[in-house]
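Given next are the chains, with one letter for each unit.
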Amino acid sequence: QDKSRTLGEAVAQWAADTPDAVALRHGDVTVDWRTYDENATQIANGLAALGLKKGDRVAYLGKNSARVCQLLMGTARAGMVLVPAIWRLAAAEVSTILGESESGVLFVEPLFESQAFEGPRIVMDERFDEWVARQSAAPVTTEVDRGDVFLQLYTSGTTGVPKGVMLTHRNATVLRPIVEQELPGWFSSQPGDTLIHAMPFGHIAGAGSVTGAANAGQQLIVHSEFDPGLIIRDIQQYGAKQAFLAPAALAMLLDHPDAKDADFSKLEGMAYGASPIPLDLLQRGVERLGCDFAQMYGMTETYGTVVYLGPEDHRAGCERVMRSAGKALPGVEIRILDEDGEPLPPGAIGEVAIHSPTNMAGYWKKPEETARVLSADGWMRTGDAGILDEDGYLFIQDRIKDMIISGGENVYPAEVESALYGHPDIADVAVIGVPDERWGEAVKAVVVRRPGADLDAGGVIAWAREKIAGFKCPKSVDFIDVLPRNPSGKILRRELRAPHWEGRDRQVN
Ligand code: ATP
Ligand code: MG
């Protein structure tokens, strides 16, 4: 039975139950649930007054803010679709997203005001506040259905051009009540809990925390962007209870000078996900922060988390289990498929497929791509290689597109990276396949040394030989100052690979 509701209903409920509780905190600005709800109505009416209709698209270009959270709830209440562009992308990429979205209006932060856009625009400063205040507060009469799309998010563009993912009210609200009821080990979800929101709004980790907090009546401490020093400050100042960070961000937090003497005792839970986490980093985090940890696995196409490794499994400290992404959430099923799309038995490696009520409605304007990944019976192919064990634990190996085939053996870069990451002189590392006459592809490590470290290729290879099988060890090593990452903190292996493959075709499965 589908007990989900629309997002507009979720906000209205908290406005009725806890009108004066703080819903959003951003710098000096606080927004209570009553205001959150009233502003959503005024924004919805304002969009209609601009001539937009149900199903129309509304573009956003900017960082995280209390204003954009309100804009999201306003578009949702109006039955429209918010399309956030990732501000960190190049101007040309932003223009492509805005253009193909066919949005009727652009909401833009002053910093990006020069962005070209055909159509009306509203600047997200006092001008936005004044615009909202001018709109009618009459109840919105548009009928919004749970199956309506309200958000179009772009994938991170790790393996190719970002794709627009159409997400519905049901996607955003359906899992939470099931999970809260059936999974006692689920992260605290008490109304009023404070959560740090520092991942980019344009990605599922960011927008998902906004809708998640609206579902659960929690307070979001909004950060314009990820800043480890500010997170450390807010954990202490506001007693922030929870945060979600990508592994690269967690590493920056732990390495920050303020982390040394900080008091993390109020932090109850740290969730992480979005890319594989090296075991070493996870253990360091658990030790230093001393709070509950939970891993989330999911993607834009599944509205974020569908697989979960909870605090108990972290506390038990079993290394094998800590290398897992966790088990399917209640209401979610996992299958491992062979190359023909047939299910494989436990223990076999193949493509991870997900069946979940949070699976997307489809890719925007990409019907062929949609048909390729989403089957008629609701299974989504993830493009990730993984293993499901007898107990239901999922072990993500890596992206299928990044798998290296060397001398007929499959090598998953994430495993090699995780082994190398434990080296005391290695600050960061990526592993790629480069063309090789003899092996087809050879494993190459691209390493960022810790400042002052005296480490050469021989040292890297010798370390790997002690940790992993010979065929997985790098045959060559490059040193680099900083690894290319996308705004989600994911290593862009395709960029590192490109110069080595110039003029050749790399076979991908
Ligand atoms: P694109 O689809 O454009 O290449 P992307 O897949 O990186 O980009 P997202 O939807 O933001 O875009 O990311 C989802 C992917 O992130 C997953 O398919 C998986 O590869 C990776 N991922 C997410 N969570 C985890 C996790 N806990 N462990 C390992 N990998 C993860
Ligand atoms: Mg993807």
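Now for a quick tour of the structure. A quick note: this is a predicted structure, and the numbers were derived from the prediction, not measured.

1. Things to note about the overall build of the chain
Point 1. Looking only at helices and strands, one finds 17 helices and 25 strands in the chain.
Point 2. Relative to the globule expectation of 23 Å for 509 residues, the C-alpha radius of gyration of the chain, 23 Å, shows essentially globular dimensions.
Point 3. When each of the 509 residues of the chain is scored for burial, the buried share is 56%.
Point 4. Looking at the chain as shown, the accessible area adds up to about 21400 Å², and 48% of this sits on carbon and sulfur atoms.
Point 5. In the chain, which carries 50 positive and 71 negative side-chain charges, the distance between the mean positions of the two groups comes to 1 Å.

2. Examining the site of ligand 1
Point 1. In the vicinity of ligand 1 lie 20 residues, with Thr155, Thr158, Thr159, Thr300 and Lys490 positioned nearest.
Point 2. One of the side-chain nitrogen or oxygen atoms of Thr159 is found 2.5 Å away from an oxygen atom of ligand 1.
Point 3. Contact distances for ligand 1 include 2.8 Å between a nitrogen atom and a side-chain N or O atom of Gln295.
Point 4. Considering each element in turn, the shell around ligand 1 owes the most residues, five residues, to strand 13 (residues 292-299).
Point 5. Here the residues of the shell around ligand 1 sort into five nonpolar, ten polar and five charged.

3. Description of empty space enclosed by the protein
Point 1. Enumeration according to the criterion identifies one cavity of 30 Å³ or more in this entry.
Point 2. Approximately 30 Å³ is the volume attributed to the largest cavity.
Point 3. Lining the largest cavity, in full, are Gly62, Lys63, Asn64, Ala85, Ile86, Trp87, Pro200, Phe201 and Gly202.
Point 4. Classifying every residue of the lining of the largest cavity by side-chain character gives five nonpolar, three polar and one charged.

4. Quick word on the pairing of strand 9 (residues 194-197)
Point 1. Along strand 9, one buried face is formed by Thr194 and Ile196 and the opposite face, lined by Leu195 and His197, is buried too.
Point 2. In this structure, strand 9 lies alongside strand 10 (residues 219-222), joined through four bridges in parallel fashion. Pairing of His197 across the sheet is with Val222, part of strand 10.
Point 3. Crossover connection from strand 9 via helix 8 (residues 204-216) to parallel strand 10: handedness right-handed.
Point 4. Direction of pairing for strand 9 relative to strand 11 (residues 242-245): parallel, over a ladder of two bridges.

5. A few points about the nonpolar core
Point 1. Core analysis: the largest hydrophobic core is formed by 130 residues, its most contacted members being Tyr36, Phe107 and Leu289.
Point 2. Here the element with the most residues in this core is helix 3 (residues 66-77); it accounts for seven residues.
Point 3. Those residues in contact with Leu289, other than ones at most four positions away along the chain, are Leu250, Leu253, Leu254, Phe264, Leu267 and Met270.
Point 4. Judged by nonpolar contacts, the second largest core, of 19 residues, contains Val81, Val83, Ile97 and Leu106.

6. Quick word on the sheet that holds strand 14 (residues 304-309)
Point 1. Taken in spatial order, the nine strands of this open sheet run 2-1-10-9-11-12-13-14-15, and their pairing is mixed. In this open sheet, the two edge strands, each paired with only one partner strand, are strand 2 (29-32) and strand 15 (327-328).
Point 2. Packed onto the sheet, helix 2 (residues 33-49) meets strand 1 (22-26) and strand 2 and runs at close to 80 degrees relative to strand 2.
Point 3. The sheet contacts of helix 11 (residues 279-289) involve strand 12 (269-273) and strand 13, and relative to strand 13 the element is tilted by about 140 degrees.

7. Some points on the packing of helix 1 (residues 7-17) against helix 2
Point 1. The contact between helix 1 and helix 2 brings their axes to 8 Å, and the two run at 140 degrees. Looking at the two axes, helix 1 sits oblique to helix 2. Here helix 1 runs over helix 2; the crossing is left-handed. Across the interface between the two elements, Val11, Ala12, Trp14 and Ala15 from helix 1 touch Trp33, Arg34, Tyr36 and Asp37 from helix 2.

8. A look at the side chain of Glu441
Point 1. Counting through the fold element by element, Glu441 comes out in strand 24 (residues 440-449).
Point 2. A polar side-chain atom of Glu441 sits 2.9 Å from a polar atom in the side chain of Arg506.
Point 3. Excluding its chain neighbours within four sequence positions, the residues that come into contact with Glu441 are Met403, Ile404, Ile405, Ser406, Gly433, Val434, Asp436, Trp501 and Arg506.

Cut-offs and rules
- Residues numbered from 1 in each chain as written.
- Chains lettered and ligands numbered in written order.
- Predicted model: local features only at pLDDT ≥ 70, side-chain atom pairs only at ≥ 80, totals over all residues.
- Heavy atoms only, no water.
- Helix = DSSP H or I, 4+ residues; strand = E, 2+ residues; numbered from the N terminus.
- Rg over C-alpha atoms; globule rule 2.2 N^0.38 Å.
- Buried < 20%, exposed > 50% of the residue type's maximum accessible area, 1.4 Å probe, protein only.
- Areas by Shrake-Rupley, 256 points an atom, 1.4 Å probe, with all protein chains shown as cover.
- Lys, Arg positive; Asp, Glu negative; His and termini not counted.
- Charge placed at Lys NZ, Arg CZ, Asp CG, Glu CD.
- Near = heavy atom within 4 Å.
- Polar contact = N/O pair within 3.5 Å; in protein donor to acceptor, adjacent residues only side chain to side chain.
- Nonpolar A, V, L, I, M, F, W, Y, C, P; charged D, E, K, R; others polar.
- 1 Å grid on protein atoms, 1.4 Å probe; cavity = no way out; pocket = protein on both sides within 12 Å on 5 of 7 lines; lining within 4 Å.
- Points joined across faces, edges and corners; volume = space filled by probe spheres on them.
- Pairing = 2+ DSSP bridges.
- Right-handed = clockwise from strand over helix to strand, strands pointing away.
- Core = buried A, V, L, I, M, F, W, Y, C linked by side-chain atoms within 4.5 Å.
- Contact = heavy atoms within 4.5 Å.
- Axes fitted to C-alpha atoms, helices over the stretch in contact; angles between N-to-C directions.
- Parallel < 35°, antiparallel > 145°, perpendicular 65-115°, else oblique.
- Left-handed = near helix turned anticlockwise from the far one by under 90°.

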